[in-house]
Amino acid sequence: MDVLDDLGYQGASPFKHGIASGDPLQDRVILWTRITNDGSISATSIPVGYTIATDPEMKKIVAQGRALATSESDFTIKVDPKSLQPNTTYYYTFQALGYISPTGRTRTIPQPNLPANQVDRVRLAVVSCSNYGFGYFNGYAHIAKQADISAVLHLGDYIYEYQEGFYRDQSLIEERPIDPKNEIISLEDYRRRYACYRTDIDLQECHRQHPFIAVWDDHEIADNSWKGGAGFHTESKGSYIERKMSAVRAYHEWMPIRDDSSNELDSQLRIYRRFEFGKLFDLNMLDTRIFGREKLDATASNEPERQLLGVEQENWLHLNMLAGKRRDAKWQILGQQVILAPFRGASATNSGDIWNGYASARDRLLNFIENNNIDNTVVLTGDYHASFAFDVCKNPFDGDSYNPSTGSGSLAVEFVCPALTSLAFPEKGAGPEANPHQKFNNQTDHGYMLLDITEQAFQCEWYYTNTLKTRDDSTRFAKSLLTQAQANHLIEGEQSRPITNVAVLAAANKAVGVKI
Ligand SMILES: [Fe+2]
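Residues numbered from 1 in each chain as written. Predicted model: local features only at pLDDT ≥ 70, side-chain atom pairs only at ≥ 80, totals over all residues. Heavy atoms only, no water.

Six octahedral donors around a metal ideally sit at 90 or 180 degrees from one another, while four tetrahedral donors ideally sit at 109.5 degrees. Protein-derived coordination of the iron ion comes from C129 (SG), D157 (OD), Y160 (OH) and H385 (NE2), at a distance range of 2.1 to 2.5 Å. Each donor residue of the iron ion lies on one chain, and together they are spaced C-x27-D-x2-Y-x224-H. Here H385 lies in the loop between β17 (377–381) and β18 (387–392) and C129 lies in the loop between β9 (122–127) and α2 (138–144), a separation of 256 residues in the sequence. Residue C129 is classed as buried on the basis of its relative accessible area, which comes to 0%. Here H385 falls in the buried class, since its relative accessible area comes to 5%. (Donors = N, O, S within 2.8 Å, 3.2 Å for Na, K, Ca; no water. Helix = DSSP H or I, 4+ residues; strand = E, 2+ residues; numbered from the N terminus. Buried < 20%, exposed > 50% of the residue type's maximum accessible area, 1.4 Å probe, protein only.)

For strand β22 (residues 457–465) and strand β23 (residues 475–484), the ladder comprises nine bridges, and the chain directions are antiparallel. Across the sheet, the residue bridging to Y463 is F477, located in β23. With two bridges connecting them, β23 and strand β24 (residues 491–492) associate as antiparallel partners. Bridge pairing in β24 links L481 to E492. Hairpin connection of β23 to β24: six residues between the antiparallel strands, including Q486 at a positive phi of 70°. (Pairing = 2+ DSSP bridges.)

Let us look at the pattern of salt bridges. Here the structure, examined in full by the defined rule, presents 35 salt bridges. D27 is the salt-bridge partner of R28, the closest N and O atoms lying 3.0 Å from each other. Its relative accessible area of 23% is what places D27 among the partly exposed residues. In this structure, R274 and D282 form a salt bridge, with 2.7 Å as the shortest nitrogen-oxygen distance. One connected set of salt bridges, linked through shared partners, spans D217, D218, R289, R293, D353 and D383. (Salt bridge = Lys/Arg side-chain N within 4 Å of Asp/Glu carboxyl O.)

It is worth spelling out the packing of helix α7 (residues 311–326) against helix α9 (residues 359–371) at this point. Put simply, α7 and α9 touch, their axes get as near as 11 Å, and they point 15° apart. It follows from the interaxial angle that α7 and α9 lie roughly parallel. Between α7 and α9 lies a crossing of right-handed hand. Mapping the contact onto sequence places E314, L317, H318, M321 and L322 in α7 and R364, L365, F368 and I369 in α9. In the contact of α7 with α9, the residues fall into six nonpolar, one polar and two charged. (Axes fitted to C-alpha atoms, helices over the stretch in contact; angles between N-to-C directions. Parallel < 35°, antiparallel > 145°, perpendicular 65-115°, else oblique. Left-handed = near helix turned anticlockwise from the far one by under 90°. Contact = heavy atoms within 4.5 Å. Nonpolar A, V, L, I, M, F, W, Y, C, P; charged D, E, K, R; others polar.)

A few words now on empty space enclosed by the protein. Going through the model one piece at a time under the given rule, you end up with two cavities of 30 Å³ or more. One number sums up the size of the largest cavity: a volume of about 70 Å³. Forming the walls of the largest cavity are N131, G133, Y160, Y162, E164, F166, Y167, R168, I178, R193 and Y197. Of the residues assigned to the lining of the largest cavity, the class counts are six nonpolar, two polar and three charged. Counted as a void, the second largest cavity has a volume near 50 Å³. Looking at the second largest cavity, the residues that line it are L308, L309, E314, L317, H318, W355, A361 and L365. Counting residues per element, the ones that place at least two in the lining of the second largest cavity are α7 and α9. Ranked by residues supplied to the lining of the second largest cavity, first place goes to α7 with three residues. Tallied by class, the residues present in the lining of the second largest cavity amount to six nonpolar, one polar and one charged. (1 Å grid on protein atoms, 1.4 Å probe; cavity = no way out; pocket = protein on both sides within 12 Å on 5 of 7 lines; lining within 4 Å. Points joined across faces, edges and corners; volume = space filled by probe spheres on them.)

Looking now at the nonpolar core. Counting residues in hydrophobic clusters, the biggest one holds 87 residues, and the most contacted among them are L124, Y140, F281, L380, F415, I453 and W462. When residues of this core are assigned to their parent elements, the largest contribution, seven residues, is made by helix α5 (residues 240–254). L308, L340, L366 and I374 belong to the second-largest nonpolar core, a separate cluster that totals 30 residues. (Core = buried A, V, L, I, M, F, W, Y, C linked by side-chain atoms within 4.5 Å.)

The omega torsion across D179 and P180 is -15°, close enough to zero to call that bond cis. With respect to the element layout, P180 can be found in the loop between β10 (149–154) and α3 (187–197). Residues other than glycine seldom take positive phi values, yet D120 does so here, at roughly 70°. One non-glycine residue, C129, lies in the positive phi region at around 55°.

Printed below as a string of structure tokens:
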């Protein structure tokens, strides 16, 4: 092994915040780690080696390289090794300061032209709203144990910005203290909050076993963010734009996301992006929060030019959906933050903090789907701390344009992810009695969604954790709904079987790293 200069370092393993991978493509995947110097050296750049192999013992090495972790990026590093094989599981390690990291596992995606029936089945986990102070990350722990998951989609609220003691389980304040204690505003604050979350061993384990494909929601910046402000940001806290850019910079430093911007701050805002999983599906990850969103104003919802995605992202999405249809991708997935389907619920309806508050933007999207005969659109949504499923139609409350028993009139389907840990806020009048197109409603439990995708059907299952008060990775299956190809509406499903003969998980290794 290439022995890296230890710079005279005397401390413990520098891989205190784990390792991670993300944004898999057919020939590359982002590998991430952070080098935590315990203070015994004053270097502003630290050499880091990485090794990629096709076996968990790291004997069949396919790539090796070096990079520098610098103070400029909070000593986080990302490498994006190219020339990997499509649809293949890899194992990887980092080396720095005389230590080797635990072994990670990741997977590239199928090549775009692989026929859907050859992609066979793909399973994805979907999470959102993972507030550290509200409890143990048991959902992440359960996902980490499943070898057949190709990637974890995080739909945002990966961290929360609040000060200690606010919006958390007060009984866990000793066990799960947050850092820093103040509401996070500066770059240093945001960095420290990510570092705090990343000390969680279940989150580390989930990152170690699976690539993540993540987008932010509002709490990665501030509650109810939009492009020019945030509900929770007041002038006394300083410039919103400066705060937003600090949050965005820390996000790029700490998340395993591909940054194609050459570090230009404006481009770091552009995180919407697309993944082509063979011809089985296109995954369009969207930003309905800070790239193009106009200020919350429920009364402005129907103004013709009302923007939630912003013109640039909206055009990008339309072009991608047309491209997906042209290349015959079976499913078009939109991974995004806020509820798309017209929805009657107390808080969202009043605040307008879902597509309801941007109704003309929703009309443009649904008209586009209808006018271009785009079938098989599946919307994935976070943010709401509840599990819902919807047939998505322009007017679900009008019996002439939508039939809830047959699904006729539905243009797409939507699955809403429960919070992993954040507080649920059950509201009355948000169920099927008020929403005939709502096919599932659970507003109390925590957990995640598991997607099981084939050419014939797109299935979503909800799994709930049994407690947030202690570490306990047991879960229970709650519900399965699916849409069949070309049906564009939901029907009941059954719990799917795990995929067999998949590459093994990276070996259990609770240590943060060992001396070379
Ligand atoms: Fe949330």
